[in-house]
Amino acid sequence: MKSRNRAFAGIAALIILTVAGLVYRAGDQMRIADVGAQTAREASLQSYRVAQSLKALTAGYELTLNEYYSTVLDFPAYEKKAAEQKAALAHELATLSTLPDGDDKAVSEISRLYKEIDTYRLDLEKALSATGGPEWDRAREALYKVNVLSVQAIHRADELGKFANDRALTLDKSWQASGSQAVLLLRAATILALIAGVALLLGTVLRPSRASA
């Protein structure tokens, strides 16, 4: 009978210890699953960075067109600077469209604004390089529309950046809270299981000695 009790107690202890191991393993799986939330957070931060870059690049591009209109830049210098800024804008916009949490509507709208800006940029260039001399009224109108569209593009990029930043902060708080709770629960479960296992093992060892006494 005593040997049978010992066997049952030993088996129970092994089961409890196994459960502790499984619970700990489940914690590892939960941490692996949390990588998804971390990835989403990083994507949101990337969206925020791109949105800020778009704002700065748009402002710089607008300034370059204004400098060309004001004859601060001659055409070769203006053409080189504007081409570099356009390429940087296209690159950032393409990056934004590939992000997992990218706002397709916002990307589409900003792309449309840039296309309109480019249309009026061409009007500005044609007006300033007209055969009979610069057509200042036409150039002024084109530049005015460029400035208006640039403000809209910057505003839209700013909204996108704020949304991405808020999303990143929310994901970060949620990720940290769920991770902390999971770790605490797993530690508590592991400790309780180990205590139960040790108690059963001690009971198995000490019971025969007490009986014989």
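Residues numbered from 1 in each chain as written. Predicted model: local features only at pLDDT ≥ 70, side-chain atom pairs only at ≥ 80, totals over all residues. Heavy atoms only, no water.

**Q** Could you give me a rundown of the packing of aromatic side chains, with the residues and numbers involved?
**A** For the coordinates displayed, the defined rule picks out 4 aromatic pairs. When the centroid spacing of 4.1 Å and the interplanar angle of 10 degrees are considered together, the rings of Tyr68 and Tyr78 count as stacked. Pair noted here: Tyr68 is in helix α1 (residues 2-69) and Tyr78 is in helix α2 (residues 75-98), with a separation of 10 residues, a long-range link. The pair formed by Tyr68 and Tyr78 is uniform in burial state, with each residue classed as buried. Each member of the aromatic cluster is reached from another via a ring pair, and the members are Tyr68, Phe75 and Tyr78. (Phe/Tyr/Trp six-rings, centres within 6.5 Å; stacked < 30°, edge-to-face > 60°. Helix = DSSP H or I, 4+ residues; strand = E, 2+ residues; numbered from the N terminus. Buried < 20%, exposed > 50% of the residue type's maximum accessible area, 1.4 Å probe, protein only.)

**Q** Break down the pattern of salt bridges for me, citing the residues and quoting the values.
**A** Under the counting rule described, the total for this entry stands at 14 salt bridges. For Lys86, the salt bridge is made with Asp118, and the minimal N-O distance between the two is 3.2 Å. On the criterion of sequence distance, the pair formed by Lys86 in helix α2 and Asp118 in helix α3 (residues 104-128) is long-range, its members being 32 residues apart. Classification of Lys86 by relative accessible area gives partly exposed; the value is 32%. Glu125 is paired through a salt bridge with Arg121; the nearest N and O atoms lie 2.7 Å apart. Here Arg121 and Glu125 lie together in helix α3, a separation of 4 residues that amounts to about one turn. By relative accessible area, which is 14% here, Glu125 ends up buried. Using a relative accessible area of 10% as the deciding quantity, one classes Arg121 as buried. Several salt bridges converge on common partners, so that one network encompasses Lys86, Asp118, Arg121 and Glu125. (Salt bridge = Lys/Arg side-chain N within 4 Å of Asp/Glu carboxyl O.)

In short, shape yes, function no, at least from these values alone.
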